[in-house]
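Topology and contacts: notes
Okay, here's what each chain looks like letter by letter:
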Amino acid sequence: MMTMSIRRAVRNQQKLLLLSGMLLSPLALAVQDEVDSKSKVEEQAVEEVTVVGTQIKGADISDALAVSVISSDDIAGMGIDSGDELMAMIPESGQNFFNEAENISGGVNAARGDVGAFNLRNLGTGNTLVLLNGRRLVNMASYQTEEVGGSFVPVNSVNSNAIPTSGLERVEILRDGASAIYGADAVAGVVNNVLRTDFDGFSIRGKYTSFEDLSRDDKTLTMEWGETFNEGQTNISSYFNYYSRGRISASEDERWADADFRDRVPEDSPWYESTAFRNNSANSLYGQFDMSGRIDGITDSRGEFETYPVGDERCQYELTENVCGAVDGQGTYRYNLNEFRDLSSELERTNLFVFVNHDFGNGIESFSEIGYYASETNMFRHPSASFSTSKLTVAADNFYNPLGVDLLIDNYRFAELPRIVDNDGKTYRLLQGFRGTWGEWDWDTALLWSKATKKDVTRNRVSNTLMQEALNDTTEAAYNPFSGGVNSNIERALIDVTRKNETELKSFDIKLSNADLFELPAGTVAALAGFEYREESFIDDRDPRLDGTITFTDGDGDTYPYVSDVVNSSPTPDSSGDRSVTSLFGEVQIPVFENFDLQLALRYEDLSDVGDTTVGKVAFGWRPVEQLLLRGSWSEAFRAPNLVTINEEIVARNNTRTDWACVYAAENGGDPGQDVIDCRNSIQRIAQGSQDLEPETSENTSIGFAFTPVDGLTVTLDYWSIEKEDTIGLFGEENHTLLDLYYRLQAGTANCAGIGNSAINRDPASADAAAIYEAAGICPAGDIAFVDDRYANLDTRTVKGHDLAIYYDVDTDFGSFGFKYNASYIDTFEQEAGGDAALLVDAQKSGQIPANFPVTGFADLVGMDGNQSERHSASVRWNYDNWGASLSGFQIGEFYQSSLTLDDGTRYIIPSMTTYDATVDYRFSYGETENRVRLGVKNLTDERAPLADRYFGFFADAHRDYGRYFYVDMKTTF
């Protein structure tokens, strides 16, 4: 690590010297221009041109950049209301891991409510820089985890749903690394959202959406008003949007209503008799109970018995009016997790933007921006069940205990009531800027402040402390786990669990640019020099029952920070952090020949917590003939470790994982059915932030062309690659168990003292378990207590692919037609193994560990778990007189679900999904108004998402499963 840091520091110093030259030369020329041209200042008009990929106003190189532009007409024709819907329809975009249907199991640790993330190229959340009118947006207040390497690490993103889609003038997507232009996080690309900031008039728009097979309906109201006054020097423009939608409950569609999806698996499928698609739960109101000793006819030899609703065929004796019992071994009573669940929350959202532009008449213009976003969601989730590592006990003298001995509760769910989640989010944005001219130079400067807040309240959670008190109660007020949920007294243990989050962004920047710096034989040189300072911070304030303020100690003596007081929630401390970033950057555009332009850019950033870095970019545009533009680029990019991974205190998480050392012992020590040892259960992982993390760095390359053989027709093709080093992730619990197996295999059984992976803390092995391990030829190992993992800079992640686009516009006697086709292909997606991961991969190749024991997270990721290799969009639009119509289609390519891969390597393929949308417009004048009425159909053919082994039977990170729906959209402009 130290050697890497020294190399990086030397490289940064060399680049900083070059950057100083790039900065000082334009500044010196600017001073001279000010002396020569001061008298011209008052005569020059101020004009801003925003082009993502360069910050030089009027730069010719912009034509050569790989940029996709989605216009306001394109967005309106999509029939969408939210930013996550917009990003899902962009081929270059990857999965949205911040979605409600897939986060349904994430609990309070998930980013919930009205959220959506940016994930260009499927490189991962946090690798896309998001701008609003050319300047950064604050990250959403909440964060969650995403699998990188072998386990889950915290990630955050700008909230795509905080951007009003109906107010966008256009969205610019730079499909290339751009850290040298914009700074950290622009690894996979840049998304610049451009709002209309200067207009006159008033318009009102209403939209109503109804779903064919669901009770949900959506309502949208949008108003825009702008006026120029003060003799044309001042313009105030405002935008307001209100959006309301109903919830979608799993009970509304039989496809989702039962979490057991096995009846949808075809009979000829290798998974037909598998329990993989059985996504109901073994934890229900009818639990399993364990006692010390045994009672003949009541328990098995280990003192265990199970319970069922009266009338169940497995009943052997009656316990209460509603519940019967049976000796353990009859099979647990399973609970339908989708009984109460919502796929989509009930939502109200408000957006308000106000822009004030004022021309002082002396070459200086003021621009102000006020933004406000607010959302409120309400969502139903499944009830809680205790972790297997923290069990509760029914006291012998509990009023309702039928046996009169202490009973340990297992496979039990407090399913009387659903969890109800209320989530309120707000974002504020204030910007004050000035721009003008200084000699021959354009300058632009602004102060920005933005804050995002979240309040997440989950109702009907269960307190471990209060529940154990209720289980110890000797009166009728005790909790009754033998009631079948009827009059159980659950109310005395119910609590609200609150999480409050906040992120804040402050920045100041100043830029000087000149599109006509000096002449070369081939044309004029353009240049820019700039400075930026920004501060970023976050606060994660957890509930007192999670952050250690109120603690619970379980029957094994475990307490905070390994056990929380909230049933089914891992303990999480409060955390916070901040950093400041100072940047110097420069950009030069050089016309090398009349038909060959070159862009050079360099940026130095000094981050207060992880050090400094310098990155550069070279791009070119070459037009050998008028109809053909060849373009390419090479750039360096970087992503700073997010504030959570640096500042988070020790965090324990429970996840169901496989202990591969245990599996090896079972398969080779005489217990293939795992009747004695249990190798898959809830394993606690401990992780914490690290100040030793370094920024992730990448090299990005692209090469392509834009070809216009005839007027109106353009074809573009770009090949691109991203090679990212030092990806921040975790080695992972299962990889640690595999490493533990490797060490045990190397040691044999001769000397077992200190053998194994030190990151794994195990309980002592029982005599029966020890015998199985020894029979397998390895040192005995007990159950895993916890795995100590640390955030670390892992190894290289490589993504390569190509983008294809075709645009054709033509006017005919029958109207004007427009055709667009965009496709994005991922050809390579690999996470290379290094360090201990490389050791495991090599050991597997040499046969030292079994080939069917997976090294998780370090592999070819193309097509795995939503990393589809291709995405396509196409549309045809027609306009004639007052009429208009469109037909569009979107396809997500096939991928496989890795958790379903069979022992022989057979993969479960989730097929591609194609949907079509259609609209019909009519435009007319009435009095002094211009009007437009649009009728639209989304998912014209009523396509449903293909079956996957997930919570609602489909892969929600990639697909939607709402069926066909209709909308009417009316707009009036005064």
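None of these values were measured; they are calculated from a predicted model.

Cut-offs applied
- Residues numbered from 1 in each chain as written.
- Predicted model: local features only at pLDDT ≥ 70, side-chain atom pairs only at ≥ 80, totals over all residues.
- Heavy atoms only, no water.
- Helix = DSSP H or I, 4+ residues; strand = E, 2+ residues; numbered from the N terminus.
- Rg over C-alpha atoms; globule rule 2.2 N^0.38 Å.
- Buried < 20%, exposed > 50% of the residue type's maximum accessible area, 1.4 Å probe, protein only.
- Pairing = 2+ DSSP bridges.
- Salt bridge = Lys/Arg side-chain N within 4 Å of Asp/Glu carboxyl O.
- Patch = residues over 30% accessible without salt bridge, like charges linked within 9 Å, V, L, I, M, F, W, Y side chains within 5 Å.
- Areas by Shrake-Rupley, 256 points an atom, 1.4 Å probe, with all protein chains shown as cover.
- UniProt positions renumbered as here; feature names shortened; annotations may be inferred.
- Disulfide = S-S within 2.5 Å.
- Arc of directions from axis to C-beta.
- Contact = heavy atoms within 4.5 Å.
- Polar contact = N/O pair within 3.5 Å; in protein donor to acceptor, adjacent residues only side chain to side chain.
- Axes fitted to C-alpha atoms, helices over the stretch in contact; angles between N-to-C directions.
- Parallel < 35°, antiparallel > 145°, perpendicular 65-115°, else oblique.
- Nonpolar A, V, L, I, M, F, W, Y, C, P; charged D, E, K, R; others polar.

Re the overall build of the protein chain
Within the protein chain one finds 11 helices and 47 strands. In terms of overall size, the protein chain behaves like a compact globule, its C-alpha atoms giving a radius of gyration of 31 Å where 974 residues would be expected to give roughly 30 Å. Principal-axis analysis of the C-alpha atoms places the extent of the protein chain at approximately 105 × 70 × 55 Å. Among the 974 residues that make up the protein chain, the fraction classed as buried is 57%.

Points about the sheet that holds strand β1 (residues 67-71)
Taken in spatial order, the 5 strands make up an open sheet running β1-β6-β7-β2-β3, and their pairing is mixed. Looking along the sheet, the strands with just one partner apiece sit at the ends: β1 and β3 (135-136).

Side note on the pairing of strand β27 (residues 575-593)
Across 15 bridges, strand β26 (residues 523-541) lies against β27 in antiparallel orientation. Residue pairing across strands places I539 opposite S576, the latter belonging to β27. In the sheet, β27 pairs with strand β28 (residues 596-607) via 12 bridges, with the strands oriented antiparallel. Looking at β28, one finds that V581 is bridged to L607.

Side note on the pattern of salt bridges
What the rule picks out here adds up to 60 salt bridges. Across the pair R944 and D253 runs a salt bridge, and its minimum N-O distance is 3.0 Å. Highlighted residues: R944 in the loop between β46 (929-938) and β47 (965-973) and D253 in the loop between β11 (248-249) and α5 (254-257), separated in sequence by 691 residues. Residue D253 is classed as buried on the basis of its relative accessible area of 10%. Connected via shared salt-bridge partners are E532, R534, E536, R579, R603, E605 and D609.

Structural notes on a nonpolar patch on the surface
On the surface, V710, Y808, F814, F817, F819 and V876 cluster together into a nonpolar patch covering about 540 Å² of accessible area. Here Y808 lies in strand β39 (residues 797-812).

Re the UniProt feature "domain: TonB-dependent receptor plug" (unreviewed entry) in the protein chain
The sites that UniProt annotates as "domain: TonB-dependent receptor plug" (unreviewed entry) are residues 66-190. Between the first and last C-alpha atoms of residues 66-190 the distance is 11 Å; the span itself is 14% helix and 25% strand.

Section: the state of the cysteines
By the definition in use, this model includes 3 disulfides. Each sulfur in the disulfide pair C315 and C324 lies 1.8 Å from the other. Between C315 and C324, the disulfide has an S-S torsion of -65 degrees and is therefore left-handed. Residue C324 is classed as buried on the basis of its relative accessible area, which comes to 3%. Here C662 pairs with C679 through a disulfide, and the sulfurs are 2.0 Å apart.

Comments concerning the sheet that holds strand β20 (residues 393-394)
If you walk across this open sheet you meet the 6 strands as β14-β15-β13-β12-β21-β20, and the pairing is antiparallel. Only two strands of the sheet have a single partner each, and these edge strands are β14 (317-318) and β20. Pairing geometry for strand β12 (residues 288-290) and strand β13 (residues 304-309), over 3 bridges, is antiparallel. In the strand pairing of β13, Q288 is matched with E306.

Remarks on helix α11 (residues 836-845)
All of the buried residues in α11 are A837, L840, V841, A843 and Q844. Seen along its axis, α11 keeps its buried residues to an arc of 165 degrees; they face one direction. Considering only its buried residues, α11 is in contact with α9 (733-747). Where α11 terminates, the next one or two residues include G847, which has phi positive at roughly 85 degrees.

Details of the UniProt feature "domain: TonB-dependent receptor-like beta-barrel" (unreviewed entry) in the protein chain
UniProt's entry tags residues 395-940 with the feature "domain: TonB-dependent receptor-like beta-barrel" (unreviewed entry), counted in the numbering of this structure. Across residues 395-940, helical content stands at 10% and strand content at 53%; the span's end C-alpha atoms are separated by 59 Å.

Section: the environment of F952
Topologically, F952 is positioned in the loop between β46 and β47. In the structure, F952 is positioned 221 residues away from F731 in sequence and 29 Å away in space, judged by C-alpha atoms. In contact with F952, other than residues within four places in its own chain, are A101, I104, A250, R255, W256, F261, N338, R341, D342 and L343.

Description of unusual backbone geometry
With omega at 10 degrees, the peptide bond leading from Y560 into P561 counts as cis. Note on placement: P561 falls in the loop between β26 and β27. The phi torsion at N133 lies on the positive side, around 50 degrees, for a residue other than glycine. Even without glycine at this site, Q674 takes up a positive phi of about 55 degrees. Relative to the assigned elements, Q674 resides in the loop between α8 (660-668) and β32 (680-687). For Q674, a relative accessible area of 31% gives the class partly exposed.

Some details on the side chain of S690
By secondary structure assignment, the location of S690 is in the loop between β32 and β33 (696-707). S690 sits in the buried class, given a relative accessible area of 15%. Looking at S690, its side chain comes within polar contact range of the main-chain nitrogen of D692, at 3.1 Å. With residues near it in sequence (within four places) discarded, S690 still touches T645, I646 and Y791.

With respect to the side chain of S702
Its place among the elements puts S702 in strand β33. You can call S702 buried: its relative accessible area is 14%. Side chain to side chain, S702 and S633 meet in a polar contact 2.8 Å long.

Some details on the packing of α8 against α9
Axis separation between α8 and α9 bottoms out at 7 Å; the angle between their running directions is 50 degrees. Considering the angle they form, α8 stands oblique to α9. Of the residues in α9, those touching α8 at W660, A661 and Y664 are E734, T737, L738, D740, L741 and L745. Its residues assigned to classes, the contact of α8 with α9 comprises 6 nonpolar, 1 polar and 2 charged.

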